[in-house]
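# Observations on chain architecture
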Amino acid sequence: MQQLMKQAQKMQEQVAKAQAELAEAELTGTAGGGLVTVTVTGLGEYKAVKIDPKAVDADDVETLEDLVLAAIHNAAEAQRELAEQKMGPATGGLSLPGF
């Protein structure tokens, strides 16, 4: 039982360290060859959206909307991959909600 408690405490410390690293990390997602860029933290908090003026066409708003959505998806995928990379070793492969 003592050994199990030590393992749980070690896992808890590793998870806390991984969460701190994720909170500090910033990732970007892009679309349209860099016309739209989205910045997200490793914890999934979106920080910024940048749109190149070349992507703005009043007659074609749908394309800009698609580019923004694609950049968000790209950033979210990068965030998921980083979370798996950081949290996987800390949790011993266990899936934790929110990561």
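Above: the structure in question.
Here goes a summary of the coordinates provided. Please read these numbers as outputs of a predicted model, since none were measured by experiment. (Residues numbered from 1 in each chain as written. Predicted model: local features only at pLDDT ≥ 70, side-chain atom pairs only at ≥ 80, totals over all residues. Heavy atoms only, no water.)

### Structural notes on the overall build of the protein chain
The helix and strand tally for the protein chain stands at two helices and three strands. When the helices and strands of the protein chain are placed in sequence order, the string is α-β-β-β-α. A total of 99 residues make up the protein chain; the buried ones form 25% of that total. Long-range contacts, defined as pairs at least 24 residues apart, comprise 52% of the intrachain contacts of the protein chain with a sequence gap of at least 6. Summed over its atoms, the accessible surface of the protein chain is roughly 6800 Å², and 54% of this surface lies on carbon and sulfur atoms. (Helix = DSSP H or I, 4+ residues; strand = E, 2+ residues; numbered from the N terminus. Buried < 20%, exposed > 50% of the residue type's maximum accessible area, 1.4 Å probe, protein only. Contact = heavy atoms within 4.5 Å. Areas by Shrake-Rupley, 256 points an atom, 1.4 Å probe, with all protein chains shown as cover.)

### Focus on the environment of Glu 65
Mapping Glu 65 onto the fold places it in helix H2 (residues 61-91). By relative accessible area, Glu 65 is classed as partly exposed at 48%. In this structure, the C-alpha to C-alpha distance between Glu 65 and Ala 55, residues 10 residues apart in sequence, is 10.0 Å.

### Observations regarding the pattern of salt bridges
Within the structure shown, the criterion is met by four salt bridges. The residue Arg 80 makes a salt bridge to Glu 77 at a minimum N-O spacing of 2.9 Å. Placement of both Arg 80 and Glu 77 in helix H2 is noted, with a separation of three residues, approximately one turn of the helix. One connected set of salt bridges, linked through shared partners, spans Lys 17, Glu 21 and Lys 86. (Salt bridge = Lys/Arg side-chain N within 4 Å of Asp/Glu carboxyl O.)

### Quick notes on the pairing of strand S2 (residues 36-41)
In terms of burial, S2 is largely enclosed, as five of its six residues are buried. Pairing geometry for strand S1 (residues 26-31) and S2, over six bridges, is antiparallel. Paired with Glu 26 across the bridge in S2 is Thr 41. The antiparallel pairing of S1 with S2 creates a hairpin that spans four residues between the two strands, and Gly 32 there sits at a positive phi of about 65°. Of the strand pairs in this sheet, S2 and strand S3 (residues 46-51) are connected by five bridges, and their pairing is antiparallel. (Pairing = 2+ DSSP bridges.)

### A short note on the sheet that holds S1
Here three strands make up an open sheet; going across it, the order is S1-S2-S3 and the pairing antiparallel. Of all the strands in the sheet, just S1 and S3 have a single pairing partner and so form its edges. On average, each strand axis in the sheet is tilted by 15° relative to the strand beside it, whichever way the strands run. (Axes fitted to C-alpha atoms, helices over the stretch in contact; angles between N-to-C directions.)

### Observations regarding the side chain of Thr 41
Within the secondary structure layout, Thr 41 lies in strand S2. Among all residues touching Thr 41, those that are not within four sequence positions of it are Leu 22, Ala 23, Ala 25, Glu 26, Leu 27, Lys 47 and Gln 79.

### Some points on the nonpolar core
Ranked by internal contacts, the top residues of the largest apolar core, which has 17 residues, are Leu 22, Val 36, Leu 67, Ala 71, Leu 82 and Met 87. Looking at this core, the elements with two or more residues in it are helix H1 (2-24), S1, S2 and H2. Residue contributions to this core peak at seven residues, all from H2. Not counting the four nearest positions on each side in its chain, Ala 71 is found in contact with Gly 29, Thr 30, Ala 31, Val 36 and Val 38. (Core = buried A, V, L, I, M, F, W, Y, C linked by side-chain atoms within 4.5 Å.)

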